[in-house]
Amino acid sequence: MFSVLFVLVAWAAAGISCARLCLAAVEAARPAAESPGRKLALTLYEAAFLAGGPHRVTDLTLVSMHRRRRLLLAHTGWATVVDPECEDDLERSVIGAIGPAGQARTAAVRAAASAADAVRALADRLVSAGLAVPDNVRSHVASAVRGVQGATVLTVALAAATLLLPQEQRADAPVLAWFALPLLLTLGCLAIARVEVHPYTRWASPAGQRLLGSLSPRSGGDERAFLTAVAVRGVGAVDDPVLRAALTGGRTAHRSH
């Protein structure tokens, strides 16, 4: 009977995809080997990468350069070079992304600078220190989550197809009950992944998350505290509506008008 075949396919897809996700989660959660040079403190750039990846590093660089009058970030979505002097490779990558014209769309600068060699070198150092999750591990977890999501959709589709079968090709038992267990398995696995696995698909390893937790933004109005907040929390920590609009493509400014 086709209904039995459909149930077996749903069970196989659910079991294989959930097992793959569990293995990927275990791999992501496995502590990295102790590195002799493991850091005891994070720089702001390192904290930004662990908290939000390459784009967070670029956002922090843009904000820092804007506040030091090296760049002008307009709410219209343009970045303009004011002072081309750079203090590090990350700032040089931003100036290089803007180009010789001295002005470019902020979104394009953000994308180009996030893929620059300086950011990749920062990522490699953090992975070597055991503080960042390697790209292949993150990709494996993300792929496994997509597999479970696909198995969920497949189970629902097979249940619907079974209901559409002629009566003589269906079993007498309640058809939906046959699909309930694989559907509960995949949905339960996704719910657990949302709580337990999702942190490991981020950029920081367990060791990196512990260091990042010790770098919670401090209260106060000094520049270091502000940049720490941007590194840890992202653009949402920027209290200047114009600067926030500049980093979000001008949408905030357009709504305010």
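K.L.:
Mind showing me how you'd approach the environment of Ala115 here?
P.N.:
Among the structural elements, Ala115 can be located in the loop between α4 (106-114) and α5 (117-128). Note: C-alpha distance between Ala115 and Ser93 (22 residues apart in sequence) is 9.3 Å.

K.L.:
Looking at this structure, how should I read unusual backbone geometry?
P.N.:
Of all residues except glycine, most have a negative phi; of all peptide bonds, most are trans. For Arg69, which is not glycine, the phi dihedral falls at a positive 65 degrees. Within the secondary structure, Arg69 sits in the loop between α2 (44-67) and β1 (71-73). Relative accessible area serves as the criterion here: at 59%, Arg69 is assigned to the exposed category.

K.L.:
For this particular structure, what's the right way to read helix α6 (residues 135-164)?
P.N.:
With 30 residues, α6 should reach 44 Å at 1.5 Å per residue; the first-to-last C-alpha distance of 43 Å fits that figure. Of all the positions in α6, only Val137, Arg138, Val141, Ala144, Val145, Val148, Ala151, Thr152, Thr155, Leu158, Ala159 and Thr162 are classed as buried.

K.L.:
I keep staring at the sheet that holds strand β3 (residues 103-105) and nothing clicks. Help me out?
P.N.:
Whenever strands of a sheet pair, they do so through backbone hydrogen bonds, lying parallel or antiparallel. Reading across from one edge, β1-β2-β3 is the order of the three strands in this open sheet, with antiparallel pairing throughout. Looking at strand neighbours, the two that pair on one side only are β1 and β3, the edges of this open sheet. Taking each pair of neighbouring strands and ignoring which way they run, the sheet shows an average axis angle of 20 degrees. Bridging between β1 and strand β2 (residues 78-81) involves three bridges; their strand directions are antiparallel. Within β2, the position partnered with Leu73 by the bridge is Ala79. The sheet strands contacting α4 are β1, β2 and β3, and the helix crosses β3 at an angle near 90 degrees.

K.L.:
Honestly, the pattern of salt bridges in this entry has me stumped. Any pointers?
P.N.:
Pairs can form between side chains of opposite charge once their charged atoms are near each other. Counting across every chain of the model gives nine salt bridges. Residue Glu87 pairs with Arg68 through a salt bridge whose shortest N-O separation is 3.4 Å. Of the two residues, Glu87 is situated in the loop between β2 and α3 (89-98) and Arg68 in the loop between α2 and β1; the sequence distance between them amounts to 19 residues. What makes Arg68 partly exposed here is its relative accessible area of 28%. A salt bridge links Asp117 to Arg120; its shortest N-O distance comes to 2.1 Å. One end of the pair, Asp117, and the other, Arg120, are both in helix α5, three residues apart, so they sit about a helical turn from each other.

K.L.:
Whenever I open this one, the confidence of the model for the chain confuses me. Can you help?
P.N.:
Scored by pLDDT, the chain comes out at a mean of 84, with 85% of its residues at no less than 70. pLDDT under 50 marks residues 250-257. Its contacts with residues more than four places away, or in other chains, come to five contacts.

K.L.:
Sorry, what's going on with the nonpolar core here?
P.N.:
In terms of nonpolar packing, the biggest core is built from 47 residues, with Phe49 and Leu50 touching the most fellow members. Contributions of two or more residues to this core are made by α2, β1, α3, α4, α5, α8 (206-213), α9 (223-233) and α10 (241-247). Here this core gets eleven residues from one element, more than from any other, and that element is α2. With sequence-adjacent residues up to four places away left out, Phe49 is seen in contact with Pro54, Val57, Leu122, Ala123, Leu126, Ala132 and Trp203. Counting residues in each nonpolar core, the second largest holds 14 residues, with Ala25, Ala28, Val145 and Val197 among its members.

K.L.:
I keep staring at the state of the cysteines and nothing clicks. Help me out?
P.N.:
By the definition in use, this model includes zero disulfides. Cys18 forms no disulfide, and the closest cysteine sulfur to it belongs to Cys189, at a distance of 3.8 Å. A relative accessible area of 5% places Cys18 in the buried class. In this model Cys22 remains outside any disulfide bridge; the closest cysteine sulfur is found in Cys189, 4.9 Å from its own.

K.L.:
I keep staring at the packing of helix α1 (residues 2-29) against α6 and nothing clicks. Help me out?
P.N.:
When two helices pack together, their arrangement is captured by the angle between the axes and the distance separating the axes. One way to put it is that α1 packs onto α6 with a least axis distance of 8 Å and a crossing angle of 165 degrees. As far as their axial angle goes, α6 and α1 are roughly antiparallel. The two elements α1 and α6 cross, and the hand of that crossing is left-handed.

K.L.:
Even after reading the chapter, I still don't get the environment of Cys189, so can you show me in this structure?
P.N.:
By the element assignment, Cys189 lies in helix α7 (residues 175-197). A residue is classified by how much of its surface remains accessible, and Cys189, at 13% relative accessible area, is buried. Taking the C-alpha atoms as reference points, Cys189 and Val145, separated by 44 residues in sequence, lie 9.0 Å from one another.

Analysis parameters
- Residues numbered from 1 in each chain as written.
- Predicted model: local features only at pLDDT ≥ 70, side-chain atom pairs only at ≥ 80, totals over all residues.
- Heavy atoms only, no water.
- Helix = DSSP H or I, 4+ residues; strand = E, 2+ residues; numbered from the N terminus.
- Buried < 20%, exposed > 50% of the residue type's maximum accessible area, 1.4 Å probe, protein only.
- Expected span 1.5 Å × (residues − 1).
- Pairing = 2+ DSSP bridges.
- Axes fitted to C-alpha atoms, helices over the stretch in contact; angles between N-to-C directions.
- Contact = heavy atoms within 4.5 Å.
- Salt bridge = Lys/Arg side-chain N within 4 Å of Asp/Glu carboxyl O.
- pLDDT = per-residue confidence, 0-100.
- Core = buried A, V, L, I, M, F, W, Y, C linked by side-chain atoms within 4.5 Å.
- Disulfide = S-S within 2.5 Å.
- Parallel < 35°, antiparallel > 145°, perpendicular 65-115°, else oblique.
- Left-handed = near helix turned anticlockwise from the far one by under 90°.

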